[in-house]
Structures are given as structure tokens and as C-alpha cells.
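# Report on the structure
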Amino acid sequence: MIDAASQRRPDRVEHRDIIVNEVPGFRPLTLDLVVPVAAPRPVPVLVWIHGGAWLFGSPKHPADWLMEADPFTAAIRAGFAVASAQYRLSGEAPFPAQLDDVKAAVRWLRRHSDTVGVDRERIGVWGESAGGHLASMVALTGDDQDDSGVQAAVSWYGPSNLLTMQSQAHPSGTIDHDAADSPESLLIGAPLTDNPEAGRAASPVTYVTDQAPPMLLVHGDQDLVVPVGQSEELAAALTAVGAEVELSVVRGADHCFGGVPLEPLIRDTLAFFIRVLAPETGVLPHH
């Protein structure tokens with residue numbers, strides 16, 4: 001049984017408010033899961049991690065700019081289940097709380113896969129901005145021994161090294177990443193410049209090994225919030241150890257891919273997940 005509200009629609013079954021982690025003194029953390037009804041069981045599942053500088057956002061209310069293209073329906077039509085993970089924001093708890101919470105969602109999916117019809121061995125993580133950072137962190141630190149391992153990851157313009165954010169910043173950028181009130185400092189709960197070890201511990205590049213699952217990094221070359229150098233740095237580190245990584249630099253795109261159409265980037269992302277997690281699917285459906 002799933003302790004959640006479930007609803008069946010023509011193309012999907014929706015499970016809402018699945019409790020995946022109960023932290024003492026905090027609200028229960030939940031997961032929403034949507035499973036396509038047409039795909040053969042068990043289906044691969046993509047864990048979506050929202051952005052918002054670790055300060056804002058909710059899986060319950062995806063951003064308007066994202067839903068104009070609706071990547072979640074596209075993923076369901078391509079045969080994937082989609083799980084939207086909730087995590088504590090930096091004003092609620094410092095890192096690694098956010099990583100712990102997303103891993104709790106992955107663990108729930110792996111441990112209850114038979115109940116909901118998903119494949120515990122075909123889990124991908126996909127996030128944008130702060131969510132891209134967490135997707136990379138899960139991919140690089142997940143462990144099959146505790147059921148937090150994943151098989152693929154996509155980071156859309158996610159931070160990869162908190163200690164190099166400022167040095168790589170776009171000339172027109174307005175964020176001082178090293179400031180005591182920057183999103184990065186607030187994430188670790190202390191000024192970044194005074195706590196480089198904490199910044200390093202919260203950076204995906206720290207955990208790069210040749211055991212990393214296949215990763216796709218997509219980043220706009222005009223990103224004024226998270227420098228494109230972040231994805232370039234992570235891609236270089238993964239390539240150096242022989243891990244499988246693809247880097248896609250989107251010309252003319254700002255943060256949130258402002259300035260370019262989103263649909264082709266969604267299709268490229270799903271094509272990557274199909275190749276890694278579901279090659280038998282073959283091609284993306286045409287809408």
C-alpha cells in the first residue's frame with residue numbers, strides 16, 4: 001500500500017504526498033509520483049529536482065516558464081515515470097540536508113519500486129539550477145549499498161564548484177557569490193570565503209570518480225546567475241577520469257534558458273535518458 005492520495009487519469013496514475021522522510025522537528029518530506037499507464041512495467045523513473053537558489057521553489061508549483069513547455073508530460077509520453085522531490089531549503093536547514101532529502105526520495109523509489117511499477121535499476125535525476133546541483137550531487141555520491149544510487153543524471157545550469165562561482169561569473173552578472181548572504185553562503189550556513197572546506201564539501205566536483213553514472217550537462221553561454229564555466233569545469237573533471245559525460249553549451253541562453261526555445265532542450269534531455277535508461281524505447285514520440 002502507498003500512504004498517499006492516488007488518482008488515475010487516461011494516460012497516467014498520480015500518487016501525491018508520498019512521505020519519504022520524517023525529520024524530527026520538521027514537516028514530513030514528500031514525493032509526488034506520476035506513472036504512465038501505457039508503458040510496459042516496470043518503467044524507468046526520472047526524479048525532478050526544482051531550482052530556486054536553494055532558497056525558493058516547490059515541487060508542487062513548477063515555474064510558469066517551465067510549464068509552458070511541460071517537460072513532465074513529454075517525459076510521460078516518452079515512457080518515463082516522473083517523481084517530483086521535495087527538499088528543505090537553506091533557510092530551513094544547511095547543507096547536506098537538501099542532499100539527504102533528495103536521496104530519501106531515491107531510496108523510497110528503489111525500496112517501493114514493485115508497489116508503484118517503476119524500475120529500481122533505471123532511475124535518473126534531473127534538475128535545474130540549484131536542482132541541477134543536487135542532481136549532480138546525488139549522481140556522484142549515491143550509493144547502491146544504501147539504495148541512493150542512480151543510473152543517469154541531467155543538470156541544467158547547475159553549480160558544480162561553489163569555490164569558483166565568483167571567478168567564473170559573467171561580466172554582466174549581478175551576484176557576488178562570495179558574499180556572506182549569497183545563495184552559496186546561505187546553503188552552507190556560513191560565509192563561503194571563511195569556510196572553504198564546507199564549500200568544497202557541497203560541490204559536485206569534489207566527488208568525481210570514474211564510477212559516476214552517465215551525465216548530461218546543459219548550460220547557456222550567457223548565464224548571468226550560474227556561470228557556464230561551472231558545467232565546463234564539471235565536464236572536464238568527469239572526462240579526465242574517464243566517466244561518461246556530455247556537455248551542451250546553448251548559445252545565447254541566459255539562466256533558465258532565457259532567450260532560446262525550451263522544447264528542443266527538453267527533447268535532447270529525454271533523448272539522453274532514453275539512450276541511457278530505456279534504449280528499447282527507440283525514439284521520442286512526436287506530438
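What you are looking at is a predicted structure, and each value in this text was computed from that prediction instead of being measured.

### Focus on helix H3 (residues 97-111)
Given a rise of 1.5 Å per residue, 15 residues ought to cover 21 Å, and the 21 Å separating the end C-alpha atoms of H3 matches this to within 8%. Burial of H3 is extensive: twelve of the 15 residues sit out of reach of the surface. The set of residues buried in H3 consists of Ala 97, Gln 98, Leu 99, Asp 101, Val 102, Lys 103, Ala 104, Ala 105, Val 106, Trp 108, Leu 109 and Arg 110.

### Some details on the packing of H3 against helix H5 (residues 130-141)
At a closest axis distance of 10 Å, the pairing of H3 and H5 adopts a crossing angle of 65°. Here H3 lies roughly perpendicular to H5, going by the angle between them. At the point where H3 passes H5, the crossing takes the right-handed sense. Note on element contacts: H5 touches H3 through Leu 134, Met 137, Val 138 and Thr 141, opposite Gln 98, Leu 99, Val 102, Lys 103 and Val 106.

### What about the pairing of strand S8 (residues 215-220)?
Among the six residues in S8, six count as buried, and that is most of the element. Here S8 shows two buried faces, one formed by Met 215, Leu 217 and His 219 and the other by Leu 216, Val 218 and Gly 220. Between the parallel pair S8 and strand S9 (residues 245-250), the chain is carried across by helix H9 (residues 228-240), and the sense of this crossover is right-handed.

### Observations concerning the pattern of salt bridges
Summed over all chains, the structure comprises 19 salt bridges. The salt bridge partner of Arg 16 is Glu 14, with a shortest N-O separation of 3.3 Å. Under the relative-accessibility criterion, Glu 14 is labelled buried at 9%. Where salt bridges share partners, they join Arg 9, Glu 14, Arg 16, Asp 17, Asp 32 and Lys 60 into one cluster.

### What about the packing of aromatic side chains?
Across all of its chains, the model carries nine aromatic pairs by this definition. A ring pair is formed by Trp 48 and Trp 126, whose centres lie 5.3 Å apart and whose planes are at 85°; its orientation type is edge-to-face. Of this pair, Trp 48 sits in strand S4 (residues 43-49) while Trp 126 sits in strand S6 (residues 118-128), and the two are 78 residues apart along the sequence. Classification of Trp 48 by relative accessible area gives buried; the value is 5%. Their ring planes at 55° and their centres at 5.9 Å tell us that Trp 126 and Phe 273 sit as a pair that is tilted. Separated by 147 residues along the polypeptide, Trp 126 in strand S6 and Phe 273 in helix H10 (residues 263-277) bring together distant segments of the chain. Residue class for Trp 126 comes out buried when judged on its relative accessible area of 2%. On the basis of relative accessible area, Phe 273 is assigned to the buried category, the value being 0%. Linked through ring pairs, Trp 48, Phe 72, Phe 80, Trp 126, Trp 156, Tyr 157, Phe 257, Phe 272 and Phe 273 together constitute an aromatic cluster.

Basis of the calculations
- Residues numbered from 1 in each chain as written.
- Predicted model: local features only at pLDDT ≥ 70, side-chain atom pairs only at ≥ 80, totals over all residues.
- Heavy atoms only, no water.
- Helix = DSSP H or I, 4+ residues; strand = E, 2+ residues; numbered from the N terminus.
- Expected span 1.5 Å × (residues − 1).
- Buried < 20%, exposed > 50% of the residue type's maximum accessible area, 1.4 Å probe, protein only.
- Axes fitted to C-alpha atoms, helices over the stretch in contact; angles between N-to-C directions.
- Parallel < 35°, antiparallel > 145°, perpendicular 65-115°, else oblique.
- Left-handed = near helix turned anticlockwise from the far one by under 90°.
- Contact = heavy atoms within 4.5 Å.
- Right-handed = clockwise from strand over helix to strand, strands pointing away.
- Salt bridge = Lys/Arg side-chain N within 4 Å of Asp/Glu carboxyl O.
- Phe/Tyr/Trp six-rings, centres within 6.5 Å; stacked < 30°, edge-to-face > 60°.

So, to be careful, I would describe these as geometric facts and stop short of saying anything about function.
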